[in-house]
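Structural overview for review
Below are the chains, spelled out letter by letter.
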Amino acid sequence: MPPRIQYRHLLRAAQCQRTCFVLPARSFPTKPLTLAPQTPQLQPFSTSPSTRQEPRQEPRQAPIPSQPATAPPVGEPVGPPPTETTPPPTTTTTTTTTPPPPPTADPSPSPNPNQQPKKKPYRLIPRLTLAIACTLLGLSAGSSLRLLLSPPDPPQPHTEEDAYTTRVLHDQAARLPIVQQLTAADPAVWESWDAYESLSAEHRAQHITAGALAGSRGVGGYQRVFWNKITGELVTVIYFGSATTGWPGVVHGGCLATVLDESCGRAAFKDAEWGGKVGLTAKLGLEYKRVTMANGFYVVRVKVRGEEELPEQERGKRHYKCWVDASVEDAVTGAVTVTAEALFVGGQGKGKKKNGGQGGEKAQVAHVKF
């Protein structure tokens, strides 16, 4: 009878080897780690080649030395191995790395590392254009401000420069719509003349507007008077020169009051109720609506109030009291800058009736052109 092979010690060695602690291998993760406990599962040991299951490949581990199993003495019956207490499995930590996502397909070709990137064209022309525009704008604004704050000296009256400037102003005034309209009007209704043309040289020298403000620097560059023979309305187109300013570029309020006083006096002296008699300014009230700029054309409109336009206590006194309304407006835009109300006294004198001492006939209107 052949001897029996003892497998007891081989089974003990295999069980002892499976119960050893497993030491995980070190790893160096590049992404956040997810730690999860994992309990190793023991596979049953089988001596049959057909039913043997190969364990999973795990990191290399260092086995814990154990005492060698002693073979049983010969002749001892073979039986099931004694029951042994297996220590609980130790929880090991394994590193779980998430695989990177698959690369997406890029339709564009991959850049050539040797190819240099294309440089954007240098936008020189737009920048140069912007710089030139800003420079011209700054120069024009600076020149306008300098001319406004410190204008050049105006030409002196009765000089060649003043005569040339006066001719230029007359050419510009002839293109104004108001001048063209009144010039082409019926001569039987509208009469026109240049201001102060009836004054003598000695009188002009003592006159404030014809003397001190003469020439293109004052109000002598252009001042044309238009008078309606039927309604008595008086329209004066005037140019205010650079010497009439108070603030830089703004006509002085006293100059405006002087021009309005003269314009109201023209209308009062031409009134038929007065008969061309001399009178004086008794009252003059002005209301400045907005600034009146120098070096520009303006229109002065004057209208004598009729008997029906006067209050009850003023009616019946027009033979020696004349109420006049006036305004100054821009010759181009029509914007009103100044309004005025004036009262002139004189005429036939207080206490005289308009039909008394004259045989019932009205006095003839004097054709005074000033």
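Since this is a predicted model, take the numbers as computed values, not measurements.

Our next topic: the overall build of the protein. For the protein, the helix and strand inventory stands at seven helices and nine strands. Here the protein, with 370 residues, has 28% of them falling under the buried criterion. Expressed as a percentage of contacts within the protein between residues at least 6 apart in sequence, the contacts between residues at least 24 apart total 74%.

What follows covers the pattern of salt bridges. A side chain of one charge can pair with a side chain of the opposite charge if their charged atoms are brought near each other. With the rule as written, the count across this model stands at nine salt bridges. Across the pair Arg301 and Glu233 runs a salt bridge whose closest N-O atoms are separated by 3.8 Å. Pair noted here: Arg301 is in strand β7 (residues 296-304) and Glu233 is in the loop between β4 (223-228) and β5 (234-240), with a separation of 68 residues, a long-range link. Two residues, Asp325 and Arg305, come together in a salt bridge whose shortest N-O distance is 2.9 Å.

For the structure shown, the criterion picks out zero disulfides. Counting only cysteine sulfurs, Cys322 is the nearest neighbor of Cys264, a cysteine outside any disulfide, at a range of 9.1 Å.

Considering every residue of the protein, the mean pLDDT works out to 76; 61% of them sit at 70 or more. For residues 354-367, every residue scores under 50 in pLDDT, and the model assigns this stretch 14 contacts once sequence neighbours within four places are set aside.

A few words on unusual backbone geometry. Across residues other than glycine, the phi torsion is negative in most instances, and most of the peptide bonds are trans. One non-glycine residue, Tyr196, lies in the positive phi region at around 65°. In this structure, Tyr196 sits in the loop between β3 (190-194) and α5 (201-206). One non-glycine residue, Asn295, lies in positive phi territory at about 60°. Mapped onto the elements of the fold, Asn295 is located in the loop between β6 (279-288) and β7. Judged by relative accessible area, which is 49%, Asn295 ranks as partly exposed.

Counting residues in each nonpolar core, the largest one holds 35 residues, and the members touching the most others are Phe240, Val302, Val324 and Phe344. It is helix α7 (residues 253-269) that contributes the most residues to this core, seven residues altogether. Excluding anything up to four places from it in sequence, Phe344 contacts Asp261, Cys264, Gly265, Ala268, Trp274, Leu280, Thr281, Ala282, Tyr320, Lys321, Cys322 and Val324. By size, the runner-up hydrophobic cluster in this structure holds 15 residues, among which are Leu176, Trp190, Phe297 and Val299.

A word on a nonpolar patch on the surface. Together, Leu124, Ile125, Leu128, Ile132, Leu136 and Leu139 make up a nonpolar patch on the protein surface, roughly 630 Å² of accessible area in all. Assignment of secondary structure puts Leu128 in helix α2 (residues 124-149).

In this section: the sheet that holds strand β8 (residues 321-330). In space, the seven strands of this open sheet follow the order β3-β4-β5-β7-β8-β9-β6, with antiparallel pairing throughout. Since the sheet does not close on itself, it has two edges, and those belong to β3 and β6, each with one partner. Here the strands of the sheet are splayed against their neighbours by 20° on average, with no regard to which way each runs. Across seven bridges, the pairing between β7 and β8 is antiparallel. Note that in β8 the partner of Arg301 across the bridge is Ser327.

Reading guide: rules and limits
- Residues numbered from 1 in each chain as written.
- Predicted model: local features only at pLDDT ≥ 70, side-chain atom pairs only at ≥ 80, totals over all residues.
- Heavy atoms only, no water.
- Helix = DSSP H or I, 4+ residues; strand = E, 2+ residues; numbered from the N terminus.
- Buried < 20%, exposed > 50% of the residue type's maximum accessible area, 1.4 Å probe, protein only.
- Contact = heavy atoms within 4.5 Å.
- Salt bridge = Lys/Arg side-chain N within 4 Å of Asp/Glu carboxyl O.
- Disulfide = S-S within 2.5 Å.
- pLDDT = per-residue confidence, 0-100.
- Core = buried A, V, L, I, M, F, W, Y, C linked by side-chain atoms within 4.5 Å.
- Patch = residues over 30% accessible without salt bridge, like charges linked within 9 Å, V, L, I, M, F, W, Y side chains within 5 Å.
- Areas by Shrake-Rupley, 256 points an atom, 1.4 Å probe, with all protein chains shown as cover.
- Pairing = 2+ DSSP bridges.
- Axes fitted to C-alpha atoms, helices over the stretch in contact; angles between N-to-C directions.

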